[in-house]
Structure formats: C-alpha cells, structure tokens
Amino acid sequence: MPQHLVTDFTAYISGRQLFDPAQKVLLAVSGGVDSIVMAWLFKNAGYRAGIAHCNFQLRGEESERDEAFVRNMAATLELPLHVVKFDTNAYVAGHRVTIQIAAREMRYQWLEEVRAAEGYAYIATAHHMQDSVETALMNFAKGTGIAGLHGILPKQERLIRPLLFTEKDRLIAYAAMNNISFVEDSSNITDKYTRNYFRHQVIPRLQEAFPGFVKNMSGTIERVREAEILYQEALAKHRKRLLFQQGNTWMVPVLKLQKTIPLQTIAWELFRTFGCSSAQTQQVLSLLESESGRYVDTASHRIVRNRQWLLITPLATAASPLVVIEPGQQHIHFGGGQLQVREQERGNAGIPASPEIAWLDAAQVSFPLILRKWKQGDYFYPLGMPKKKKVSRFLIDQKLSMPQKENVWVLESNKRIVWLVGMRVDDRVKITPKTKTVLSITFAK
C-alpha cells in the first residue's frame, strides 16, 4: 500500500546496506514521478540528501520547465540543489555517439564530480522494479550471459538504486495520496527508443497474460543474482587452471580447454575479457583443432594457436617507430628493450657466444644505423651461411610463436640487415682475421 512506502523504503535500504543513515546521498532528479517520489521519501525518512538535476537542453521550453520545477521542489524540501546545463548536441558531434549515450556519459561524469566535491557518499538514481525487469528482458532478447540477467543492481561502487523494491504503480499512488506534483518528459511517450517499446508494448502484454509478471520476474532476477555468485566462484576456479600469464602474454593449454565442461560457456567467459565477442567464441574454439600459426583477432587482442597453447597478446595500437642510431650513441632505449653500443679494438678476446651480444666488423658497418621491427620481405645472410634467407623463414625455423615473431627487431646498416637483434648476426659483417675494430652491441629486454 502507498502509505507503507516509507517503511518499506527504509527497510530496503537497511536490509541491503545501501548506505549509512549518517551519510549524505546525492539524488539524481529529473522531475518525473520516480525521482520526485524518491526525493520525498529521503526527506520523509529523515535521510541526509541533496538534489542534482541535469538540463540537457534537448526539448526546448520543456527542458527549462523541468529545471524550474526541480528548483522549486528542492526549495520546498529544503534540500541542497546542484544544477548543470549541457550542450548535448555539441557533445554528440564531438564524440560521435548517440544522444542517449552522450546524455548518460555527461550525466554520470558530472554526478560523480559533484558527489566527490560536495562530500556525498553515494549517488542515488530512481530506478524501480519495472526498470530492472525491462533491462533483463532487453538483455535476454539481445542475447546475453548470466550477468545480463541480473537486472539493475541495487549497489555498484558509489551508485545506489533505493527504489528497486517497488513497482511504479506504488510510486504514482504515493504521489497522488500526498499531493506530490511531478512533470512528464514527452520523450518517454514515444516508442522509437527500445526501452520505451518494452515499457509500453512488451511488458503490458505480459502483464495481461500473467498478472503477477513484474513481481514474478523480479523474484527470478533476485535468484539469478544469487546464482551468479556461485557461477562466478566456479569461473574463478576454471580461470585459475586454464589461464597463465607471462609478461603481457596470456596462455591457455589446448588439451585442458578441450576437456573442459561446459566448453562453450567457459570459453565465452574466458575470452570475452580479451575483447572476444560472442560470435567470435566459436572461431576461437576452432583454433583447438587447427595447426600452429592460426589466429583470431578480437577487438583488443590476438589469440594464436601455438603448438599446445593458445597465446593471447594485445594488438599493437600503432606501428613501431624507426630508431636512428648516430655515431657516438652508447645507450639506446626502444620498444623491445635497450642496446648498449661501443667500439673497441679487436684484441685477442674470444667472440661472445651469447646471442644477446653482437660483435660486428666496424669496417663493414656505416652509420647511421636503423633499428626497426622486421617486416615481410626482409632477408639477411645468417652467420655461417653463404646464401641469403628470408627473416620469416628463419623465425619459423627457430620455432618462435607468433607473438614472439611480432617482437623481433632488426638492425640495418646502409639498407641491409646486419643483426636480428638478440638472435643472429649477418654473415657479411662477421669478425674475420682482418678485423681491427669491433662494434660491440649488447641487447637487454
């Protein structure tokens, strides 16, 4: 019943531990019935609160009307007021997003700024039971995992939704019983937005067929939330046995993943954190039966089959720059590590065997040197070989994984490769009995 709304409201806040009554809460108030009733409930329950209103300047005089209404209400309730005017259309043009996304991004960024600056503990929005049901239904219709079925959460970091316990009818009835005025947003009437279509067309039909639909669905959502806790605990165990990290590369053992049950669900949860879409999950699973070298590029990563592993590495965001090394430079830092360069007399010392140290005949090398990542078509004469070899073929022979190949750098002198950095010197610049001066280069990651 409407008269019990304040009691149920305080019980929900206490039971969910949404906030400490001693804390201040910033209320996001549009002027519609939901947020207006929320403000009155906070006032009547004795909680400390402030009002925040966003004027997106999208509906002309109606936007100004809403702002004036909220200003008057805040004065009536004797609550602090914070108002902002946004140039929403300019934001849309500048960020190339929809009006809905623009409004959401600007709104929550500003609310957080006000919360932090004015000492509020939380931001409260007026989402109610129907809103949560709408969200779950929309996600279900679009296709989702279990996380998409938990509806709107009561609490997420500094954001709380203290009206999720009640249906909208009770909010309207409470406003009528207490002569609380509110304003209507004309954009809520149209069905051109997906949420409004579900609100005005889908849910009323379901309510006709199942009179208790919204409450029943809300109860199901609550059970899904609890099931999700168990689900996440199980996922954590699978991630621990299937996902290993080495530097910026993640590794998944092929045989273990193949034997995992249920494979589709675990794979989806495992790879979606690396930018893998639902549609790409099957492509990634096909790598389990492919030869080495096959890969799938997600939005943010590359997943490569490499023998008995799937290797996951971030996609390069930009081409690696060329590094020019001038005579006299001794310390060079680059994307793959660092080089130390020095000239020395040949002397009687033995040539270092470590691939991280290159001894080049200084007489065969001319500056400036060019340091860059290798590319298709590159070739060199591997030390000890009289014939040239493509770098790509050499790397295959070295049994490097694709991520390792992508991190190979070469050193050029006079447009010819003189060293595959950290791997092999070119035969044309090797140390010979005639060498008098050595160009010594040491590589460290």
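First things first, this report covers the structure right here in the doc.

Some details on the overall build of the chain
Phase 1 of the analysis: A tally of helices and strands in the chain yields 14 helices and 22 strands.
Phase 2 of the analysis: The C-alpha radius of gyration computed for the chain amounts to 32 Å, which surpasses the reference 22 Å derived for 445 residues by more than 25%, pointing to a less compact arrangement than a globule.
Phase 3 of the analysis: When the backbone C-alpha atoms are referred to their principal axes, the chain occupies close to 105 × 50 × 40 Å.
Phase 4 of the analysis: Here the chain, with 445 residues, has 44% of them falling under the buried criterion.
Phase 5 of the analysis: Taking the intrachain contacts of the chain between residues at least 6 apart in sequence as the baseline, contacts between residues at least 24 apart amount to 66%.
Phase 6 of the analysis: Here the chain holds 56 positive side-chain charges and 42 negative ones, and the gap between their average locations is 11 Å.

As for the environment of E134
Phase 1 of the analysis: In this structure, E134 sits in helix α6 (residues 129-142).
Phase 2 of the analysis: Taking the C-alpha atoms as reference, E134 lies 7.8 Å from I203; in sequence the two are 69 residues apart.
Phase 3 of the analysis: Once residues lying within four places of it in the same chain are set aside, the contact partners of E134 are R195, R199 and I203.

Let's talk about the packing of helix α2 (residues 33-45) against helix α7 (residues 168-177)
Phase 1 of the analysis: Interaxial distance between α2 and α7 falls to 10 Å at its minimum, and their mutual angle equals 65 degrees. Overall, the two elements α2 and α7 adopt an arrangement that is roughly perpendicular. Relative to α7, the crossing made by α2 is left-handed. Seen from α2, the contacting residues are V33, D34, V37, L41 and N44; seen from α7, they are K168, L171, I172, Y174 and A175.
Phase 2 of the analysis: Its residues assigned to classes, the contact of α2 with α7 comprises 7 nonpolar, 1 polar and 2 charged.

Brief notes about the side chain of D378
Phase 1 of the analysis: Along the polypeptide, D378 turns up in the loop between β16 (369-373) and β17 (379-380).
Phase 2 of the analysis: Owing to a relative accessible area of 8%, D378 belongs among the buried residues under this scheme.
Phase 3 of the analysis: Of the polar contacts made by the side chain of D378, one reaches the side chain of R372; its length is 2.9 Å.
Phase 4 of the analysis: The residues contacting D378, other than those within four sequence positions of it, are R372, K389, K390, V391 and I417.

With respect to the packing of aromatic side chains
Phase 1 of the analysis: What the rule picks out here adds up to 13 aromatic pairs.
Phase 2 of the analysis: Ring geometry for F244 against W309: centres 6.2 Å apart, planes inclined by 85 degrees, an arrangement best described as edge-to-face. You can see F244 sitting in strand β7 (residues 244-246) and its partner W309 sitting in strand β11 (residues 309-314), a full 65 residues away along the chain.
Phase 3 of the analysis: Ring geometry for W250 and F274: centres 6.0 Å apart, planes at 55 degrees, overall tilted.

Remarks on the sheet that holds strand β5 (residues 155-156)
Phase 1 of the analysis: Ordered by their spatial adjacency, 6 strands build an open sheet running β3-β2-β1-β4-β6-β5, and the pairing between neighbours is mixed. Lying at the two open borders of the sheet, with one neighbouring strand each, are β3 (81-85) and β5.
Phase 2 of the analysis: Summarising the sheet, β5 and strand β6 (residues 159-160) pair through 2 bridges and their orientation is antiparallel. If you follow K155 over to β6, its bridge partner there is I160.
Phase 3 of the analysis: Taken strand by strand, α2 contacts β1 (24-28), β2 (48-55) and β4 (122-124), and its axis lies near 160 degrees from that of β1.
Phase 4 of the analysis: Sitting on the sheet, helix α5 (residues 99-118) touches β1, β2, β3, β4 and β6, and the angle it makes with β1 is about 155 degrees.

Rules and cut-offs
- Residues numbered from 1 in each chain as written.
- Predicted model: local features only at pLDDT ≥ 70, side-chain atom pairs only at ≥ 80, totals over all residues.
- Heavy atoms only, no water.
- Helix = DSSP H or I, 4+ residues; strand = E, 2+ residues; numbered from the N terminus.
- Rg over C-alpha atoms; globule rule 2.2 N^0.38 Å.
- Buried < 20%, exposed > 50% of the residue type's maximum accessible area, 1.4 Å probe, protein only.
- Contact = heavy atoms within 4.5 Å.
- Lys, Arg positive; Asp, Glu negative; His and termini not counted.
- Charge placed at Lys NZ, Arg CZ, Asp CG, Glu CD.
- Axes fitted to C-alpha atoms, helices over the stretch in contact; angles between N-to-C directions.
- Parallel < 35°, antiparallel > 145°, perpendicular 65-115°, else oblique.
- Left-handed = near helix turned anticlockwise from the far one by under 90°.
- Nonpolar A, V, L, I, M, F, W, Y, C, P; charged D, E, K, R; others polar.
- Polar contact = N/O pair within 3.5 Å; in protein donor to acceptor, adjacent residues only side chain to side chain.
- Phe/Tyr/Trp six-rings, centres within 6.5 Å; stacked < 30°, edge-to-face > 60°.
- Pairing = 2+ DSSP bridges.

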